[in-house]
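Structure assessment
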Amino acid sequence: MRIHLIAVGTRMPRWVSDGFDEYARRLPAECRLQLHEIPLGKRAANADIPRLMAREGERMVAAIPRGALTIALDRSGEQLSTEALAERLQGWLQSGNDVALLVGGPEGLDPACLARSDRRLSLSPMTLPHPLVRIVIAEQLYRAWSLLNNHPYHR
């Protein structure tokens, strides 16, 4: 099983790449975390934001692997404890199907991505910067895996 993090934005600051890479590297091959970056449309003073989001959304939907459980990361989604996320991860591992996690850009996810998703998951009721979401979800997946495997990381 692979977990595909499909995220809007390229050329993230080094601290974002380093943070994501650290936790993705720690996950075992049985639940490898792969990042798929979708180019961010150019935001200018008179940019047509809905049109840019629609293009980003089309690219995100196209990047979803066939048969993958698709989960939109959205602040209106279901909030899980780390223990509940670990239970979900265990179910994903047992199913053997890939999982696609969708992370929108500065304005969030395009409605087409939300419609395409099987579920919605919230990391917080607060709005988080989309680069930070990459690190938080990678860390929480590693923590969930650690909990399932009695690894000392989750105390």
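Residues numbered from 1 in each chain as written. Predicted model: local features only at pLDDT ≥ 70, side-chain atom pairs only at ≥ 80, totals over all residues. Heavy atoms only, no water.

With respect to empty space enclosed by the protein
- Taken as a whole and judged by the stated rule, the model has 1 cavity of 30 Å³ or more.
- Here the largest cavity is characterised by a volume of approximately 50 Å³.
- If you trace the largest cavity, you find it lined by Ile 71, Glu 78, Leu 80, Arg 88, Trp 92, Arg 119, Arg 120 and Leu 121.
- Where the lining of the largest cavity is concerned, the elements lending two or more residues are β3 (69–79), α3 (82–95) and β5 (119–122).
- Residues that form the lining of the largest cavity fall into these classes: 4 nonpolar, no polar and 4 charged. (1 Å grid on protein atoms, 1.4 Å probe; cavity = no way out; pocket = protein on both sides within 12 Å on 5 of 7 lines; lining within 4 Å. Points joined across faces, edges and corners; volume = space filled by probe spheres on them. Helix = DSSP H or I, 4+ residues; strand = E, 2+ residues; numbered from the N terminus. Nonpolar A, V, L, I, M, F, W, Y, C, P; charged D, E, K, R; others polar.)

Regarding the nonpolar core
- In terms of nonpolar packing, the biggest core is built from 27 residues, with Ile 3, Leu 33, Trp 92, Leu 101 and Leu 141 touching the most fellow members.
- Looking at this core, the elements that each hand over two or more residues are β1 (2–8), α1 (14–26), β3, α3, β4 (99–103) and α5 (130–148).
- Broken down by element, the residue count for this core peaks at 7 residues, all from α5.
- Once residues lying within four places of it in the same chain are set aside, the contact partners of Leu 141 are Ile 3, Leu 27, Leu 33, Leu 85, Leu 89, Trp 92 and Leu 101. (Core = buried A, V, L, I, M, F, W, Y, C linked by side-chain atoms within 4.5 Å. Buried < 20%, exposed > 50% of the residue type's maximum accessible area, 1.4 Å probe, protein only. Contact = heavy atoms within 4.5 Å.)

Some words on the layout of surface pockets
- By volume, the largest pocket is sized at about 360 Å³.
- Listing elements by their share of the lining of the largest pocket, those giving two or more residues are β3, β5 and α5.
- When residues of the lining of the largest pocket are assigned to their parent elements, the largest contribution, 3 residues, is made by β3.
- Broken down by class, the residue content of the lining of the largest pocket amounts to 10 nonpolar, 7 polar and 3 charged.
- Lining of the second largest pocket is provided by Gln 79, Leu 80, Ser 81, Thr 82, Leu 85, Leu 121, Ser 122, Leu 123, Ser 124, Leu 128, Val 136 and Gln 140.
- Within the residue set of the lining of the second largest pocket, elements represented by two or more residues are α3, β5 and α5.
- Residue composition of the lining of the second largest pocket, grouped by class: 6 nonpolar, 6 polar and no charged.

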